[in-house]
Amino acid sequence: MSKISKFFKGGGSAASKGRGGPSPQEALARLRETEEMLSKKQEYLETRIERELALARQHGTKNRRAALQALKRKKRYEKQLSQIDGTLSTIEFQREALENSHTNTEVLKNMGYAAQAMKKVHENMDLNKIDDLMQDITEQQDVAQEISEAISNRAAFGDEFDEDELMAELEELEQEEMNKRMRDVRLPSVPSTSLPSRPGKLLACHFRFLMIKPCCVSKSERKSQIYI
């Protein structure tokens, strides 16, 4: 283990003893500050690289020593810039991991809080009482269903009579009414005029007249039918 690692390890132990360890928010803030600092260092190095490259072009073959010195400085700046790029990638990865860990911690904390609340709600609930309550509800629903079916069924008043007997009695009443109408029919009087030359035609007309119901034929129609 290097001295630098031991130094940082010891410093972290002292900080954790004195403060109990940094919070995720504090660690994230430190990482963002480091990223900002390294980004500014990148901009500075890029500017220096461009300047040294311009100097190397300016001197060219006129002052090869100065041109070579400028190119060497440019190489050192490029190496530092590459190292900073790697450091920024590592810090970015660490920051994202810390943010995800912090998010997961908050989610678990809230889930634990919700579980405690649910447990508190269920403390006053007895499964046996719930089962009894559900059975009572089911029984009352069955009773209500039976009552509804009983009310909706058609009342059976009068169902003890025979339909055939009723129809036969109705037919007798109709026959009596028809016989009464036939008794009330009055035959036409014998005409005083002479009979037509065709007695067969007169009898046929008279027979047809008798087949027609009196209620549907007027007196004038009956006379005309007789003496056609």
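Quantities reported herein were computed from a predicted structural model and do not represent experimental measurements.

Looking at this model, I keep getting lost on the overall build of the protein chain. Mind explaining?
Counting secondary structure elements, the protein chain contains 7 helices and 0 strands. Secondary structure of the protein chain in N-to-C order comes out as α-α-α-α-α-α-α. Sorting the 228 residues of the protein chain into buried and exposed places 12% on the buried side. If you sum the accessible surface of the protein chain, you get close to 19900 Å²; carbon and sulfur atoms cover 56% of it.

I'm lost on a nonpolar patch on the surface in this one. Help?
Taken together, the side chains of Val-121, Met-125, Leu-127, Ile-130, Leu-133, Met-134 and Ile-137 define a hydrophobic patch exposed on the protein surface, amounting to about 660 Å² of accessible area. The greatest single-element share of the nonpolar patch, amounting to 5 residues, is contributed by helix α4 (residues 127-152). As for its position among the elements, Ile-130 is in helix α4.

Mind showing me how you'd approach the pattern of salt bridges here?
Should the charged atoms of two oppositely charged side chains come close, the side chains can pair. In the structure shown here, the tally under the stated rule is 9 salt bridges. When salt bridges that share partners are traced, they join Arg-32, Glu-35, Arg-95 and Glu-99 into one network.

Quick question: what am I supposed to make of the confidence of the model for the protein chain here?
Atomic detail in the predicted coordinates should be set aside for any region of low pLDDT. Looking at the protein chain as a whole, the pLDDT averages 76, with 68% of positions reaching at least 70. Note on residues 222-228: pLDDT under 50 across the span, and 14 contacts to partners over four residues away in sequence or across chains.

Explain the nonpolar core to me, please; I cannot follow it from the model alone.
When a protein is soluble and globular, its nonpolar side chains tend to lie buried together. By size, the foremost hydrophobic cluster in this structure holds 9 residues: Leu-31, Leu-38, Leu-45, Ile-49, Tyr-77, Leu-81, Ile-84, Leu-88 and Ile-91. It is helix α3 (residues 64-122) that contributes the most residues to this core, 5 residues altogether. Leave out the neighbours within four places in its chain, and Leu-45 touches Tyr-77, Gln-80, Leu-81 and Ile-84.

Please clarify how a negative patch on the surface should be interpreted in this entry.
A cluster of acidic residues, Asp-162, Glu-163, Asp-164, Glu-165, Glu-169, Glu-171, Glu-172, Glu-174 and Glu-176, forms a negative patch at the surface. Looking at where Asp-164 falls in the secondary structure, it is placed in helix α5 (residues 163-183). Classification of Asp-164 as exposed rests on a relative accessible area of 59%.

Looking at this structure, I do not really get the packing of helix α2 (residues 24-59) against α3. What am I missing?
Relative orientation and spacing of two packed helices are given, respectively, by the angle between their axes and the distance between those axes. At a minimum axis distance of 8 Å, the contact between α2 and α3 shows a crossing angle of 160°. As the angle between them shows, α2 and α3 are arranged roughly antiparallel. The handedness of the crossing between α2 and α3 is left-handed. Partitioned by chemical class, the residues of the contact of α2 with α3 number 20 nonpolar, 9 polar and 13 charged.

Would you explain the environment of Leu-88 in this entry?
Counting through the fold element by element, Leu-88 comes out in helix α3. A relative accessible area of 12% means that Leu-88 is categorised as buried. For Leu-88 and Glu-36, which are 52 residues apart along the polypeptide, the C-alpha to C-alpha distance reads 9.6 Å.

Just to check I follow, could you spell out the side chain of Glu-52 for this structure?
Structurally, Glu-52 is set in helix α2. The buried category is assigned to Glu-52, whose relative accessible area is 3%. In this structure, Glu-52 is in contact with Ala-70, Arg-73, Lys-74 and Tyr-77, ignoring residues within four places of it in sequence.

Where do I start with the side chain of His-102 in this structure?
With respect to the helices and strands, His-102 occurs in helix α3. Overall, His-102 belongs to the buried group, its relative accessible area being 18%. Not counting residues up to four positions away in its chain, the partners in contact with His-102 are Pro-24 and Gln-25.

What counts and how
Residues numbered from 1 in each chain as written. Predicted model: local features only at pLDDT ≥ 70, side-chain atom pairs only at ≥ 80, totals over all residues. Heavy atoms only, no water. Helix = DSSP H or I, 4+ residues; strand = E, 2+ residues; numbered from the N terminus. Buried < 20%, exposed > 50% of the residue type's maximum accessible area, 1.4 Å probe, protein only. Areas by Shrake-Rupley, 256 points an atom, 1.4 Å probe, with all protein chains shown as cover. Patch = residues over 30% accessible without salt bridge, like charges linked within 9 Å, V, L, I, M, F, W, Y side chains within 5 Å. Salt bridge = Lys/Arg side-chain N within 4 Å of Asp/Glu carboxyl O. pLDDT = per-residue confidence, 0-100. Contact = heavy atoms within 4.5 Å. Core = buried A, V, L, I, M, F, W, Y, C linked by side-chain atoms within 4.5 Å. Lys, Arg positive; Asp, Glu negative; His and termini not counted. Charge placed at Lys NZ, Arg CZ, Asp CG, Glu CD. Axes fitted to C-alpha atoms, helices over the stretch in contact; angles between N-to-C directions. Parallel < 35°, antiparallel > 145°, perpendicular 65-115°, else oblique. Left-handed = near helix turned anticlockwise from the far one by under 90°. Nonpolar A, V, L, I, M, F, W, Y, C, P; charged D, E, K, R; others polar.

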